[in-house]
Amino acid sequence: MPAEGYSSTTIKTPVYDILKKIAKERGVSISDVIEEATIEMGDRAPELESIDSISAEMQHLISTTQKMQERAIRKVERIINDFKRSQEKYQTLVETNPDLVFSIDPVGNFTYVNPVIHDYLKIRSSEAVGENILDFVHKDDAAKLEAIIEDLRKGEKSTEMLKFLDEEGNEKYLNVSISPLMKNGKVMEAVGVADDLSEHQRMINEIAYLKQFNESIVQNAPLGIITFDKEGNVTSFNDVFPKLLQCSNENLEGGNVFQDAVDGRLEEWYRRCLNGESCEYQGACSISEKGIERTYHKWFSPIKVGGKVTGGVCIVDDITEKE
């Protein structure tokens, strides 16, 4: 406890300033100077005036310094503990994240990779650290990834779907988002998150293949085929359809199937189709520019998406010569 008559402001005294100056000149702490001065004053007690006052001030300085040190130590301990808790929380969050989380240096070498990399590329985190991310990307996307790394060095972030190869040689499509970490205007490293879109990409590829396959079948079918939307507007047709109906492509493009009728007889079947019914029509109809009437067999079927009718398809056979 400080001596009677002294407060926390007592520390700001000429004596304290002198001790502070001495500590600075010697390159030691002020507490060392205070301790030395206290010993020296004890040796020279008979020579000093007001020894009680000075001794009380010195004791106050020592007590105050100790308290400041204790508070500083406690504060540092709190900061360290908070940092450790944050670090543990961050590590848990990153390592349990279902997506691939990683960091790379400015040239692309992995500095950290979470365990998910094994699920994605069949390699352990410890094996990936130190390796370059370019070693795992498919050659088709190597140039694209090199450009991304170059942009990172300029402080630019990127999001791109890239094709990688796992340790077994399988293609993996990863949607990669990566951002630079900067200090004093300089890129120190970059952090990234990637999610596996391989199954999604395979579905897209299959859909594209099926679409191409279906278009090939439609175009090479011996029967005429036309598709239309809910309002009856023509959406597509194969090359056979205008030949069978004896009309031009221009006559069909942007046209409406409800025009494909004689005395309105076919509109009923198109309506039934768009109401979700599969049906057939056999008889006369014509959309010919020449007005030639022929006999056709037409099959109608609704097109559904998610159980909802979005349009229809009509398959046509010319049976005029068969009648």
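Just above sits the structure.
**A few points about the pattern of salt bridges**
And step 1. In the structure shown here, the tally under the stated rule is eight salt bridges.
And step 2. The closest approach of N and O atoms between Glu-171 and Lys-163, which form a salt bridge, is 4.0 Å.
And step 3. Classification of Glu-171 by relative accessible area gives partly exposed; the value is 35%.
And step 4. By relative accessible area, Lys-163 is classed as buried at 11%.
And step 5. The partner of Arg-271 in a salt bridge is Glu-267, and the shortest N-O contact between them spans 3.0 Å. Pair noted here: Arg-271 and Glu-267 are both in helix H10 (residues 267-274), with a separation of four residues, about one helical turn.
And step 6. The exposure class of Arg-271 is partly exposed, given its relative accessible area of 40%.
And step 7. For Glu-267, a relative accessible area of 31% puts it in the partly exposed group.

**Examining the packing of aromatic side chains**
And step 1. Enumeration over the complete set of coordinates arrives at six aromatic pairs.
And step 2. Here the aromatic rings of Phe-110 and Phe-136 are separated by 5.9 Å at their centres, their planes lie at 55°, and the arrangement is tilted. One end of the pair, Phe-110, is in strand S2 (residues 110-113); the other, Phe-136, is in the loop between helix H5 (125-128) and helix H6 (142-153), and 26 residues separate them in sequence.
And step 3. Judged by its relative accessible area of 6%, Phe-110 falls in the buried class.
And step 4. Ring centres of Phe-228 and Tyr-270 lie 5.3 Å apart, and the angle between their planes is 80°; on these two criteria the pair is classed as edge-to-face. Pair noted here: Phe-228 is in strand S6 (residues 224-229) and Tyr-270 is in helix H10, with a separation of 42 residues, a long-range link.
And step 5. Among the residues examined, Phe-228 registers a relative accessible area of 2% and is labelled buried.
And step 6. Taking the relative accessible area as the measure of exposure, Tyr-270 reaches 0% and is therefore buried.
And step 7. Through successive ring pairs, a cluster of aromatic residues spans Phe-228, Phe-258, Tyr-270 and Phe-300.
And step 8. Directly above the aromatic system of Phe-258 lies the positively charged group of Arg-271, at a separation of 3.9 Å from the ring centroid.

**Here we look at the pairing of strand S9 (residues 294-305)**
And step 1. Inspection of the sheet shows strand S8 (residues 279-285) paired to S9 by seven bridges, in the antiparallel sense. Note that in S9 the partner of Cys-285 across the bridge is Arg-294.
And step 2. Taken together, the 10 bridges between S9 and strand S10 (residues 308-318) define a ladder with antiparallel strand orientation. When the bridges of S10 are listed, Ile-303 appears paired with Gly-311.
And step 3. What sits between the antiparallel neighbours S9 and S10 is a turn of two residues, in which Gly-306 has the positive phi angle 60°.

**Considering the sheet that holds strand S7 (residues 234-237)**
And step 1. Spatially, S7-S6-S10-S9-S8 is the arrangement adopted by the five strands of the open sheet, whose pairing is antiparallel. The open sheet terminates on both sides in strands that have one partner only, identified here as S7 and S8. Averaged over all neighbouring strand pairs, the angle between strand axes comes to 25°, with direction disregarded.
And step 2. The sheet contact formed by S6 and S10 spans six bridges and is antiparallel. Across the sheet, the residue bridging to Thr-227 is Val-313, located in S10.

**A look at the state of the cysteines**
And step 1. Scanning all chains against the criterion turns up zero disulfides.
And step 2. Among the cysteines around Cys-314, which has no disulfide bond, Cys-273 carries the closest sulfur, lying 8.0 Å off.
And step 3. The exposure class assigned to Cys-314 is buried, which follows from its relative accessible area of 0%.

**Here we look at a positive patch on the surface**
And step 1. Together, Lys-67, Arg-71, Arg-74, Lys-75 and Arg-78 make up a region of like positive charge exposed at the surface.
And step 2. Relative to the helices and strands, Arg-78 is located in helix H3 (residues 51-95).

**Considerations on the sheet that holds S2**
And step 1. Spatially, five strands are ordered S2-S1-S5-S4-S3 in an open sheet, and the strand pairing comes out antiparallel. Each edge of the open sheet carries a strand with a single partner, namely S2 and strand S3 (158-165). Between one strand axis and the next, the sheet turns through 30° on average, direction left out of account.
And step 2. Here S3 runs beside strand S4 (residues 171-183); their pairing, made up of eight bridges, is antiparallel. Bridged to Leu-165 within S4 is Glu-171.
And step 3. Against the sheet, H6 makes contact with strand S1 (100-104), S3, S4 and strand S5 (186-196), and its axis sits at roughly 140° relative to S3, the strand it touches most.

Cut-offs applied
Residues numbered from 1 in each chain as written. Predicted model: local features only at pLDDT ≥ 70, side-chain atom pairs only at ≥ 80, totals over all residues. Heavy atoms only, no water. Salt bridge = Lys/Arg side-chain N within 4 Å of Asp/Glu carboxyl O. Buried < 20%, exposed > 50% of the residue type's maximum accessible area, 1.4 Å probe, protein only. Helix = DSSP H or I, 4+ residues; strand = E, 2+ residues; numbered from the N terminus. Phe/Tyr/Trp six-rings, centres within 6.5 Å; stacked < 30°, edge-to-face > 60°. Lys NZ or Arg CZ within 6 Å of the ring centre and 35° of its normal. Pairing = 2+ DSSP bridges. Axes fitted to C-alpha atoms, helices over the stretch in contact; angles between N-to-C directions. Disulfide = S-S within 2.5 Å. Patch = residues over 30% accessible without salt bridge, like charges linked within 9 Å, V, L, I, M, F, W, Y side chains within 5 Å. Areas by Shrake-Rupley, 256 points an atom, 1.4 Å probe, with all protein chains shown as cover. Lys, Arg positive; Asp, Glu negative; His and termini not counted. Charge placed at Lys NZ, Arg CZ, Asp CG, Glu CD. Contact = heavy atoms within 4.5 Å.

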